[in-house]
Structure formats: C-alpha cells, structure tokens
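Per-entry structural report
Chain by chain, the residues:
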Amino acid sequence: MQSVATALKRLGDLAATPTVSRLATAFQTAGHELALVGGPVRDAFLDRPLNDLDFTTDATPDQILHLVKPISDAHWDIGRAFGTIGAQIAGEKVEITTYRSDSYDGQTRKPEVVFGHRLEDDLLRRDFTVNALALRLPGLTLVDPANGIDDLLAGVLRTPISPEISFGDDPLRMMRAARFAAQLGFALHADTAEAMEAMADRIRNISAERIGDELSKLLCADNPRAGLELLVDSGLCSRVLPEIPALRLEVDEHHHHKDVYQHTLTVLDQAIGYEKSRGSFDGPDLIVRLAALLHDIGKPATRKLEPGGVVSFHHHDLVGAKLAKKRLRALRFDNDTTAAVARLIELHLRFFGYTEGAWTDSAVRRYVRDAVDQLERLHILTRADVTTRNRRKADRLGFAYDDLEQRIEELNEQEEMAAVRPDLDGEQIMAVLGVGPGRDVGEAYRYLLEQRLDDGPIGEDEATRRLIAWWAERAQ
C-alpha cells in the first residue's frame, strides 16, 4: 500500500498528462462533471501500473461524443447503449461513461440501463468497495462513499451495498470476486463469502461468453490458485467448470493416492513458474494455464481401483482432451485455443515413457511432430506435472527432460525438425508414380513422412527408390 499522500501525488501526475488534462478541461469548460474512476484510482494506492483509464460523467452519451470529437485522434460509440463512448486522446485510449444506476431483474442476462445523476450513486452500484473510488477532475478530489480506502488498507473485498443485492444485480460479480482475490491478494469479507455460497446458482443467469472471459482474466492473474479455490469452495465452480471440483477424489482406506485437485493446483503454480523463468511468452499465457488446470480432468471418469492398493487412470489423457474440448466450447473459447489446450492434454503423458528406456531419434522426431506449434507449451506442462515430494524421483525426471530437450535441439540443428516434411513433395510424388491428384498421393506422402521421421533426411534419390518399392508392393 502507498500512503494517501503518495497515491494522490501519482494520481495528480496522471491528471497532468495530455490525455487526462485535455479531457478534464473540455468537460469543465462545458459545465459537466468528470471523474477518473475504478481501477486506476485503486491501483494508485497499491503501487500498481495505472492502466485502462476509465472516466464517468453526468454528461449524456451524445454530449460526451460532442466533447471528445474535437480533442480525439479517433472515437467510437460501440458501447453507446450502455452509456460508454471510447476515444483515443493524445495517443491513449480512454472510455467515458455516463453515471449509471442500472440493475438486473434476476432472470435475464442483461441489465436495464438507467442513467444516474450523482457520482456517489454511480460508485455505490459498482462491484467492490476498492473499485468504488473516484478522483474528481480537475480538482483532484478523492471520492470514497463506501470506505474503499479502509478496505484497501485491510486487504478486504467487500461489496459497497448488501452482497445479496449486489450479486443479485449482476451475478458475474461473484466470479470477479475470485478474480480480484487472485489479482490483488485480498481476502473476501465474511458476508461477501457467505452470499457467494448462498447465491452460487445465480451464475446460471450469466452468458457463457462472460463467464469464459472472466475465467480467462482469473487464470492470467499472478496467483490464480487463490481465486480458483474461492470458486471451488463457494460452489461456483460446480456450475461453470464442474470438472475441477470433481478432481477432489475420495481416498479410500486401502487405495491411497494423492488428491488430484491439489495436484492440479500445484501443476498450475509450477507451470506459471516455468512460463516466467523460461521467458518464452510476452506475458501470461492462457493456453498454458488452461492446459495445466484441465490436464487431469479425465481422471474421475477413468479411475479404477486395482488389486494391491493401486489406483489407475488408464487413458485419462485422451478422455481429458475430449472433456476439455467440450467444456471450452461450451464456454465459447475460440477454436485455436480449444484445439491447442486439447492437444496439450492429449500429449502430456507422452514424455513419461522417455524415462523407461532410451528413445530413438525417430521417437524424438515424432514427439516434436505431434506437438506441432505447441512444443514449448508441452515442455512447460510436462515439467510442471512433476509434483512428487520424492526429491530423487523429481530430479531423475527433471534430468531426463533436460536430456530430451537437448536431443530435440541437436536434431533440430541437424534437420530443422520444426519443418519436417518428406524428401519428395506432392508434385514429385505424382511425377514418380505417374498419377494425378487424389487419395494415392496423400497415402504416398504419409508413407514418405513416416520414413522421414524414422530415418531423418534420406535425400530425393533414396526417397524415390523407397516410394517405387512401396508402390509396387501396394499394387500386389
């Protein structure tokens, strides 16, 4: 936490920037109120970057548009029905929204938009007290009608009004509570937590797109584990992502095994650690984190108690990939993300055969080929999946994967494995076999690709000889 004086200085410096000062001057000259609201004000006290500049005003959307046009590089009104006008001013994007006092009827998924007249009323309709903060411009007056500063100091998430009313107005706020707990490291106020548990079923009134978007934001937090635990403990997760609480498998007295739910959270923690330490991505990688969260969701369906106290989960990788694809589609994730996550789950056990015996170069090539463009994410997920407390076993697996990555690098330098293709292309295959486009060419191509994976580059002459022999044998 920053002191109030330090936070106000940061906000004052922000208010002096060309973007904010031009806005403040334009609205003041026109006789309208303007306030910086929400995240930037909160983050000034938390010593976080001041991004996503949101403003609120007593001006109507038409009046906002009239005021920003002369001072903006561009403007848009896609959120006009909800009172929001966007603009780019001095190279920075901002959003300005008319004071609102809208509410939900508890049945439909969209609010009834009602514009308000007072800043304090607008703040009290927001999700949490720590977000119900505003800085009046240009006078730099801090407005805090719900004692959000006190909650910032205490590290507490609390709704500005009764949580039953707040969550009833917008049930997605329950998921946002989990997200902010993860992002800010704050704890839920007891009344807020109780209301979440009692009202969890209301989340069914929220569209799949909004739920999926909120889940993505949660997973991209620095510590998503805290938020996920809140979702599970409150019962929300059972409504939006039931595969996760299902991982809390019973441990019977004879067939002891580790809790798959806790293992999953540890894998997610470790995947985030590898994601950061390897530096392969510019920021939080949603695909890595989804794959880590969902990698074992096939276990409940494949769990089998074997004689001698052994618990097996045969083919949980394949089952899990199908379940993940189904769930991500239901939450309206895009096709590329869904396919990548499912592929990683399908492949996440492949490496563990590496420690049972030396892989041939062919096996290494196939590992790379099957991962396609997800190889780095597969490296991260596979390493993160080692959660054993047995240090010798963990070291052995870690050294083995080091060895595998080294072999991949060496083979890649020799063969450019990322672009593995047969030594003959489709045109050459047709010329050698004397056939036109069709199924035969596809089968020949796949045959030569297998030869390439088995033996590495063999050259056009040897590939031609093998192709002719394969074609002759096939014709018999």
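Residues numbered from 1 in each chain as written. Predicted model: local features only at pLDDT ≥ 70, side-chain atom pairs only at ≥ 80, totals over all residues. Heavy atoms only, no water.

1. Focus: the overall build of the protein chain
What counts is decided by this rule: Helix and strand assignments follow DSSP, with helices taken as H or I runs no shorter than four residues and strands as E runs no shorter than two, numbered in order from the N terminus. Using a 1.4 Å probe on the protein chains alone, a residue whose accessible area is under 20% of its type maximum counts as buried, one over 50% counts as exposed, and one in between counts as partly exposed. Between two residues, a contact is recorded if the distance between any of their heavy atoms is within 4.5 Å. Each accessible area value is a Shrake-Rupley result obtained with a 1.4 Å probe; residue values ignore everything except the protein chains displayed when judging cover. A residue counts as positive if it is Lys or Arg and as negative if it is Asp or Glu; His and the chain ends are not included. Where a charge sits is defined by one atom per residue type, namely NZ (Lys), CZ (Arg), CG (Asp) or CD (Glu).
Of regular secondary structure, the protein chain possesses 23 helices and eleven strands. Referenced to the eigenvectors of the C-alpha coordinate spread, the extents of the protein chain come out at roughly 90 × 60 × 45 Å. Out of the 476 residues belonging to the protein chain, those deemed buried represent 50%. The long-range share in the protein chain, meaning contacts at least 24 apart out of those at least 6 apart in sequence, stands at 66%. Surface accessibility of the protein chain: about 22,600 Å² in total, with carbon and sulfur atoms responsible for 48%. Put simply, the protein chain has 59 plus and 77 minus side-chain charges, and the middle of one group is 2 Å from the middle of the other.

2. Some thoughts on the sheet that holds strand β5 (residues 92-98)
Strands belonging to one sheet form pairs held by backbone hydrogen bonds; the direction of such a pair is parallel or antiparallel. Using the following cut-off: At least two bridges found by DSSP between two strands are what make those strands a pair. Axes, fitted as lines to C-alpha atoms, cover a helix only where it is in contact. Angles between the N-to-C directions of the axes lie from 0 to 180 degrees.
Taken in spatial order, the seven strands line up as β3-β4-β5-β2-β1-β6-β7 in an open sheet, and their pairing is mixed. At either end of the open sheet lies a strand with only one pairing partner, and these are β3 (74-76) and β7 (141-143). Each adjacent strand pair in this sheet contributes to an overall mean axis angle of 30 degrees, direction not counted. In this structure, strand β1 (residues 34-37) lies alongside strand β6 (residues 134-137), joined through four bridges in antiparallel fashion. Across the sheet, residue Ala35 finds its bridge partner in β6, namely Arg136. The strands touched by helix α1 (residues 4-15) within the sheet are β1, β2 (53-57), β6 and β7, with β6 carrying the most contacts at an inclination of about 45 degrees. Helix-sheet contacts for helix α2 (residues 18-29) involve β1, β2, β4 (84-89), β5 and β6, and the interaxial angle to β5 is about 30 degrees.

3. A look at the packing of helix α18 (residues 361-371) against helix α22 (residues 439-455)
Heads up, the condition is: Angles are sorted into four bins: roughly parallel if under 35 degrees, roughly antiparallel if over 145, roughly perpendicular if 65 to 115, and oblique for all others. Any residue that is not Ala, Val, Leu, Ile, Met, Phe, Trp, Tyr, Cys, Pro, Asp, Glu, Lys or Arg is counted as polar, Gly included; the first ten are nonpolar and the last four charged.
In contact at an axis separation of 6 Å, α18 and α22 are set at 125 degrees when each is read in the N-to-C sense. Relative to α22, the element α18 is oriented oblique. Listed contacts from α22 to Ser362, Arg365, Arg366 and Arg369 of α18 are Leu449, Glu450, Arg452, Leu453, Asp454 and Asp455. Along the lines of polarity and charge, the residues of the contact of α18 with α22 split into two nonpolar, one polar and seven charged.

4. Some points on the confidence of the model for the protein chain
Rules: The score called pLDDT rates the predictor's confidence residue by residue, from a low of 0 to a high of 100.
Summary statistics for the protein chain give a mean pLDDT of 89 and a share of 93% for residues scoring 70 or more. Of all the helices and strands in the protein chain, strand β11 (residues 310-312) carries the lowest mean pLDDT, 80, while helix α14 (residues 286-294) carries the highest, 98. With pLDDT under 50 throughout, residues 252-256 is counted as low confidence; its partners more than four residues away or in other chains account for ten contacts.

5. Re the side chain of Asn131
Along the chain, Asn131 turns up in the loop between α5 (119-124) and β6. When neighbours within four sequence positions are excluded, Asn131 is seen to be in contact with Gly38, Arg42, Arg126 and Phe180.

6. Some remarks on helix α23 (residues 459-475)
Short version of the rule: For a helix, the expected span equals 1.5 Å multiplied by the number of residues minus one. By arc we mean the arc of the directions from the helix axis to the C-beta atoms, nothing more.
Helix length check: α23 (17 residues) gives 24 Å between terminal C-alpha atoms against 24 Å at 1.5 Å per residue, within 8%. All of the buried residues along α23 are Ala463, Arg466, Leu467 and Trp470. In a view along the axis of α23, the buried residues occupy a sector of 105 degrees, so they form one face of it. In this structure, α23 carries Asp461, Arg465 and Ala475 as exposed residues pointing more than 90 degrees from its buried face. Check the buried side of α23 and you find it contacts α21 (426-433) and α22.

7. Here we look at the pairing of β1
Every second residue of β1 is oriented toward a common face, with Leu34 and Leu36 on one face and Ala35 and Val37 on the other, all of them buried. Relative to β2, β1 runs antiparallel, the two sharing three bridges. By the bridge assignment, Leu34 is partnered in β2 with Thr57.

8. Looking at the nonpolar core
Test applied: Put simply, a nonpolar core is a bunch of buried Ala, Val, Leu, Ile, Met, Phe, Trp, Tyr and Cys residues held in one set by side-chain atoms that sit within 4.5 Å of each other.
One finds Phe55, Ile244 and Leu294 to be the most contacted residues of the largest nonpolar core, which totals 115 residues. Among the elements that make up this core, the one with the highest residue count is helix α8 (residues 172-184) (nine residues). Aside from chain neighbours lying at most four places away, what touches Leu294 is Leu241, Ile244, Ala324, Leu328, Val341 and Ile345. Listed in part, the twelve residues of the second largest apolar core include Val441, Tyr447, Leu467 and Trp470.

9. Section: the packing of aromatic side chains
Two descriptors summarise a pair of aromatic rings, namely the distance from one centre to the other and the angle between the planes of the rings. Put simply, the rule is: Any two rings among Phe, Tyr and Trp, with Trp reduced to its six-membered ring, count as a pair given centres within 6.5 Å; such a pair is stacked if its planes are under 30 degrees apart, edge-to-face if over 60, and tilted if neither. The criterion for a charge sitting over a ring is simple: Lys NZ or Arg CZ within 6 Å of the ring centre, and within 35 degrees of the ring normal.
Inspection of the entire model under this criterion finds four aromatic pairs. Ring geometry for Phe351 against Tyr401: centres 4.6 Å apart, planes inclined by 65 degrees, an arrangement best described as edge-to-face. Remark: Tyr401 occurs in helix α20 (residues 391-415) and Phe351 occurs in the loop between α17 (335-347) and α18; sequence separation between them is 50 residues. Of the two residues examined, Phe351 and Tyr401, each falls in the buried class. One aromatic cluster is present, built from ring pairs that chain together Tyr447, Trp470 and Trp471. One cation-aromatic arrangement involves Lys299 over Phe313; the distance from NZ or CZ to the ring centre is 4.8 Å.

10. A short note on α22
Its 17 residues place the ends of α22 25 Å apart at the C-alpha level, agreeing with the 24 Å of an ideal helix rising 1.5 Å per residue. By the burial criterion, the buried members of α22 are Val441, Ala444, Tyr447, Leu448, Leu449, Gln451, Arg452 and Leu453. Backbone geometry just after α22 places Gly456 at a positive phi near 80 degrees.

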